[in-house]
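Observations on the model geometry
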Amino acid sequence: KAGVTQTPRYLIKTRGQQVTLSCSPISGHRSVSWYQQTPGQGLQFLFEYFSETQRNKGNFPGRFSGRQFSNSRSEMNVSTLELGDSALYLCASSLFQGLAGGRNEQYFGPGTRLTVT
Amino acid sequence: KQEVTQIPAALSVPEGENLVLNCSFTDSAIYNLQWFRQDPGKGLTSLLLIQSSQREQTSGRLNASLDKSSGRSTLYIAASQPGDSATYLCAVWRNAGGTSYGKLTFGQGTILTVHP
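A few points on the structure. Computed from a predicted structure; not experimentally measured. (Residues numbered from 1 in each chain as written. Chains lettered and ligands numbered in written order. Predicted model: local features only at pLDDT ≥ 70, side-chain atom pairs only at ≥ 80, totals over all residues. Heavy atoms only, no water.)

Quick word on the packing of aromatic side chains
Tallying each qualifying case throughout the model produces nine aromatic pairs over all chains. For the pair A:Phe108 and B:Phe106, a centre-to-centre distance of 6.1 Å together with 75 degrees between the ring planes defines the contact as edge-to-face. Linking A:Phe108 in strand E10 (residues 106-108) with B:Phe106 in strand E10 (residues 104-106), this pair reaches from one chain into another. Exposure class is identical for A:Phe108 and B:Phe106. Each is buried. Each residue in the set A:Tyr35, A:Phe45, A:Phe108, B:Phe36 and B:Phe106 is aromatic and connected to the rest through ring pairs, giving one cluster. Note that A:Arg55 overlies the ring of B:Tyr101, its terminal NZ or CZ placed 3.7 Å from the centroid. (Phe/Tyr/Trp six-rings, centres within 6.5 Å; stacked < 30°, edge-to-face > 60°. Helix = DSSP H or I, 4+ residues; strand = E, 2+ residues; numbered from the N terminus. Buried < 20%, exposed > 50% of the residue type's maximum accessible area, 1.4 Å probe, protein only. Lys NZ or Arg CZ within 6 Å of the ring centre and 35° of its normal.)

Written out as structure tokens, the structure reads:
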């Protein structure tokens, strides 16, 4: 079974531009979460989607948005890029089994390295 | 608010040594705890997941334990090898209903170096 894939793997953008990152989850997984990883802040949760609906959102400004398609693939968009948005963006998928004791193990993709200059 | 702390921040050991990585969390109301490995510049590889009702999980040379009441987990690596060198991350999924969907809270990680 193929793992979580993310495209592109590397991106260089200029301040003020916008960027779209893509994530394809493991086949059959309907929950997709996004995380930002930086040396200073570590791994921080951005948002989670399930069946095309955003169910949860972290503490990030509105410039960060996402969506999920009917095939569970997800995209995240960052508008008006700032230097501080430079980070490794990780996507994770899960076979969500409910909150009552399912394993709900998360599997991560290789990430997209975004550099803002 | 859930906070996760990992000790030590870095560890350097000779090959063959058994070692323990520690993780503590402030809110014991969790669904599960996962241990991950991250190689430089790469994504996260899931090593072990312990559900809240479990005490430990084992996979090969790895053993992870969970003590929810004290808010602690340990990852035990037996007979360490140079290939084990990586950053090890602990993450908890808090039991908070809809506000916890998909949200893992991570520690800062332990950087492990195993030298030949």
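Still to come is the rest of the account.
Points about the interface of chain B and chain A
Facing the 24 residues of chain B at the interface are 24 residues of chain A. Buried surface at the junction of chain B and chain A, summed over both partners, amounts to about 2,000 Å²; 53% is from carbon and sulfur atoms. Run the count over chain B and chain A and you get zero salt bridges. Every element with two or more residues in the side of chain B that touches chain A is listed here: strand E4 (30-38), strand E5 (44-51), strand E9 (86-94) and E10 of chain B. Element by element, the count of residues in the side of chain B that touches chain A is highest for E4(B), at five residues. In terms of residue class, the side of chain B that touches chain A is made up of nine nonpolar, 13 polar and two charged. (Contact = heavy atoms within 4.5 Å. Buried area = accessible area lost by both parts, 1.4 Å probe. Salt bridge = Lys/Arg side-chain N within 4 Å of Asp/Glu carboxyl O. Nonpolar A, V, L, I, M, F, W, Y, C, P; charged D, E, K, R; others polar.)

Considering the side chain of A:Gln37
Here A:Gln37 lies in strand E4 (residues 31-38). A polar atom in the side chain of A:Gln37 sits 2.8 Å from the side chain of B:Gln38. Discounting residues that sit within four places of it in the chain, A:Gln37 has contacts with A:Gly42, A:Leu43, A:Ala87, A:Leu88, A:Leu90 and B:Gln38. (Polar contact = N/O pair within 3.5 Å; in protein donor to acceptor, adjacent residues only side chain to side chain.)

With respect to the environment of A:Asn104
Note on placement: A:Asn104 falls in the loop between strand E9 (87-94) and E10. Looking at A:Asn104, the relative accessible area reads 3%, which means it is buried. Expressed as a C-alpha distance, the spacing of A:Asn104 and A:Ser94, which sit ten residues apart in the sequence, is 5.9 Å. Excluding residues within four positions of it along the chain, A:Asn104 makes contact with A:Ser94, A:Leu95, A:Phe96, A:Gln97, A:Gly98, B:Asn32, B:Leu49 and B:Trp93.

Some points on the pattern of salt bridges
Residue and element names in this part refer to chain A. Per the stated rule, a full pass over the model turns up eight salt bridges over all chains. Taking the shortest distance from any N to any O, the salt bridge between arginine 55 and glutamate 48 comes out at 2.7 Å. Judged by relative accessible area, which is 22%, arginine 55 ranks as partly exposed. Residue glutamate 48 is classed as buried on the basis of its relative accessible area, which comes to 0%. Put simply, Arg63, Glu82 and Asp85 are held in one network by salt bridges that share partners.

As for the pairing of strand E6 (residues 56-59) of chain B
All names here are of chain B. Sheet topology note: the E6/strand E7 (residues 62-67) ladder contains four bridges and is antiparallel. For serine 59, the partnering residue across the bridge sits in E7 and is leucine 62. Counting the residues that bridge the hairpin from E6 to E7 gives two residues, and of these glycine 60 lies at a positive phi of roughly 60 degrees. (Pairing = 2+ DSSP bridges.)

So, the environment of A:Ser93
All names here are of chain A. Mapped onto the fold, serine 93 is located in strand E9. Serine 93 sits in the buried class, given a relative accessible area of 0%. The sequence separation of serine 93 and isoleucine 26 amounts to 67 residues, and the corresponding C-alpha distance is 6.6 Å. Contacts of serine 93, omitting those with residues within four sequence positions, involve Val4, Pro25, Ile26, His29, Ser31, Val32, Glu105, Gln106 and Tyr107.

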